[in-house]
Amino acid sequence: MKAGCFKQWAAGVAVMALPVLAQAQAADPKPWQLNMGKGVTHLSQNAYEAHMLALWICVVIGVLVFGAMAVAMFRFRHSKGAKPDTSFTHSTKLEIIWTVVPVALLVLMAFPATSKLINMYDTRDAEMTVKITGYQWMWKYDYLGEDVGFTSRLDRTSDEIRQSGAQPNMADNPHYLLDVDNMLVLPTDTKIRFVITADDVIHAWWVPALGWKQDAIPGIVNEAWTEIEAPGIYRGQCAELCGKDHGFMPIVVKAVPKDEYRQWLASQRGTPDAEAPVVPAGAEGNAPAQLDPQMLEDIQQGDEPTVPVDAAPDAPAEEAAAPEAAPVAG
Ligand SMILES: [Cu+2]
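Residues numbered from 1 in each chain as written. Predicted model: local features only at pLDDT ≥ 70, side-chain atom pairs only at ≥ 80, totals over all residues.

Colleague: Any chance you could explain the overall build of the protein here in plain terms?
Modeller: Within the protein, the secondary structure is distributed over seven helices and 10 strands. Looking at the 330 residues of the protein, the share that counts as buried comes to 20%. Of the contacts formed within the protein by residues at least 6 apart in sequence, a portion of 66% connects residues at least 24 apart. (Helix = DSSP H or I, 4+ residues; strand = E, 2+ residues; numbered from the N terminus. Buried ≥ 20, exposed ≤ 12 C-beta atoms within 10 Å, placed from the backbone. Contact = placed C-beta atoms within 7 Å.)

Rendered as structure tokens:
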């Protein structure tokens, strides 16, 4: 194949791929969806583009090879009196072509793929870090430096259906086995670094819309990052066979605008947003405003809040407590 011809052919591939790249896809898979989704991050779009490039190259190869076979079978068929060339053993020219062309194609695909892969591992300049720990059979999320952490496990409805043996249906339970009790809430348009590990066996944290999956291995801390472009709910699952309930440890990421995220984070700490005005002590019905100054200081410094001895027996002490007693991360 001559260089000019190859250039023309490569340009043809690019033109064919354009309309497909332009099609927007929602993050959730659709019934009978055949192609991978575009996802909602720059990384997932990179993966999608690399996939489409490889797919179209394969399509062109397939059409050329099967087309050549079809033409050969039809034009040189026995009924037309074709005689096989029994003296043919090999052709150096052909061998060079079918070695050089695949190598050129691999190099063509390797360049964009490598740069995308390097970008995928670059966790520098992240604005926040979430530690993800896999357990049999749930996830634990810790917002590092924020004093917020909780576990996330299969939602009660899915669990009841699966234990009862009842037949779930899409109409009543559209997210059967894909819902959790506590979603991982993340801000949009923020570079978020994940440090991923496990406490017992190997798990893998995988949300297709984010564009990657990362193994969670006991004793090893893996890294990944994301920057979610659109608010929404993105679902995933553990992607490593980790025991009998491996199929029952889904992941749900709820991406919200930054302001909403800050409010949510503050609510998880049990304190008002640091930027929100503090209601004077004694204001009715506002438990956080009644927090003891020492407790507030402890919480802001990331320490366990010291509950004052004379604290009212109801709301304030409970409000200030950690969202739930989370297991100690390994
Ligand atoms: Cu798992």
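From this point, the discussion proceeds with the structure in view.
Colleague: Help me out: how do you make sense of the sheet that holds strand β1 (residues 128-135) in this one?
Modeller: Here we have five strands laid out as an open sheet, ordered β3-β2-β1-β5-β8, and mixed in their pairing. Both outer strands of the open sheet, β3 (148-152) and β8 (222-226), are each paired with one neighbouring strand and no more. Each strand of the sheet is rotated relative to its neighbour by a mean of 20°, with strand direction disregarded. (Pairing = 2+ DSSP bridges. Axes fitted to C-alpha atoms, helices over the stretch in contact; angles between N-to-C directions.)

Colleague: Sorry if this is basic, but what is going on with the pairing of β1 here?
Modeller: Along a regular strand, successive side chains alternate from one face of the sheet to the other. In this sheet, strand β5 (residues 192-198) lies alongside β1 in parallel orientation, the contact comprising seven bridges. Bridging from a neighbouring strand, Ile-132 pairs with Ile-196 of β5. In this sheet, strand β2 (residues 138-143) lies alongside β1 in antiparallel orientation, the contact comprising six bridges. Bridge pairing in β2 links Lys-131 to Asp-142. Hairpin connection from β1 to β2: two residues lie between these consecutive antiparallel strands.

Colleague: Any chance you could explain the sheet that holds strand β7 (residues 212-216) here in plain terms?
Modeller: Two orientations exist for strands paired in a sheet by backbone hydrogen bonds: parallel and antiparallel. Pairing in this open sheet of five strands is mixed, and the strands run β4-β10-β9-β6-β7 from one edge to the other. Of all strands in the sheet, those bounded by a partner on one side alone are β4 (184-187) and β7. Averaged over all pairs of adjacent strands, the angle between strand axes in this sheet comes to 25°, irrespective of strand direction. Helix-sheet contacts for helix α5 (residues 258-269) involve β4 and β10 (250-256), and the interaxial angle to β4 is about 135°.

Colleague: Looking at this structure, how should I read helix α2 (residues 42-75)?
Modeller: Since the α-helix turns once every 3.6 residues, residues separated by three or four places project in the same direction. With 34 residues, α2 should cover 50 Å at 1.5 Å per step; its first-to-last C-alpha distance of 49 Å lies within 8% of that length. Turning to α2, its buried residues are Leu-43, Ser-44, Asn-46 and Ala-47. (Expected span 1.5 Å × (residues − 1).)

Colleague: I keep staring at the nonpolar core and nothing clicks. Help me out?
Modeller: One broad trend across soluble globular proteins is that nonpolar side chains are buried collectively. Among the nonpolar cores identified, the biggest contains 38 residues, and Ile-132, Phe-194, Tyr-234 and Val-253 are the most heavily contacted of them. When residues are assigned to domains, this core turns out to be shared by domain 1 (3-24 + 34-78 + 91-120) and domain 2 (125-275 + 287-330), each giving three or more. (Core = buried A, V, L, I, M, F, W, Y, C linked by C-beta atoms within 7 Å. Domains from an automatic or database assignment.)

Colleague: In this structure, what is going on with the confidence of the model for the protein? I would like to understand it.
Modeller: Parts of the prediction with low pLDDT should not have their coordinates interpreted in detail. When pLDDT is averaged along the protein, the result is 80, and 73% of the positions lie at 70 or above. Within the model, the stretch residues 272-293 combines pLDDT values under 50 with 25 contacts to residues more than four positions away or in other chains. (pLDDT = per-residue confidence, 0-100.)

Colleague: Before we go on, may I ask you to explain the packing of α2 against helix α3 (residues 92-120) in this structure?
Modeller: The geometry of a pair of packed helices is captured by two quantities: the angle between their axes and the separation between those axes. Running from amino to carboxyl end, α2 crosses α3 at an angle of 170°, the nearest separation of the two axes being 10 Å. Accordingly, the angle class assigned to the pair α2 and α3 is roughly antiparallel. Where α2 abuts α3, its residues Leu-43, Asn-46, Ala-50, Leu-53, Ala-54 and Ile-57 lie against Leu-105, Met-109, Pro-112, Ala-113, Lys-116, Asn-119 and Met-120. (Parallel < 35°, antiparallel > 145°, perpendicular 65-115°, else oblique.)

Colleague: Teacher, can you tell me more about unusual backbone geometry here?
Modeller: A negative phi holds for most residues other than glycine; trans holds for most peptide bonds. The linkage connecting Gln-136 with the following residue, Trp-137, adopts the cis geometry, with an omega of 0°. In this structure, Trp-137 sits in the loop between β1 and β2. A positive phi angle, near 65°, is found at Trp-32, a position not held by glycine. Along the polypeptide, Trp-32 turns up in the loop between α1 (3-22) and α2. On the basis of neighbour count, Trp-32 is assigned to the exposed category, with 5 C-beta atoms found within 10 Å. With phi around 50°, Asp-189 is a residue other than glycine that occupies positive phi space. Secondary-structure assignment places Asp-189 in the loop between β4 and β5.

Colleague: I would appreciate a short explanation of the environment of Glu-240 in the present structure.
Modeller: By the element assignment, Glu-240 lies in the loop between β9 (232-238) and β10. Expressed as a C-alpha distance, the spacing of Glu-240 and His-203, which sit 37 residues apart in the sequence, is 4.9 Å. If sequence neighbours within four positions are ignored, Glu-240 has contacts with Ile-202, His-203, Ala-204 and Asp-215.

Colleague: Quick question: what am I supposed to make of the pairing of strand β6 (residues 203-207) here?
Modeller: With four of its five residues buried, β6 lies for the most part within the structure. From the end of β6 to the start of β7, which pair antiparallel, there are four residues, and Gly-211 there has a positive phi angle of about 95°. Two strands pair when backbone bridges link them, and β6 and β9 are joined in this way by two bridges, in the antiparallel orientation. Bridge pairing links Trp-206 to Gln-237 in β9.

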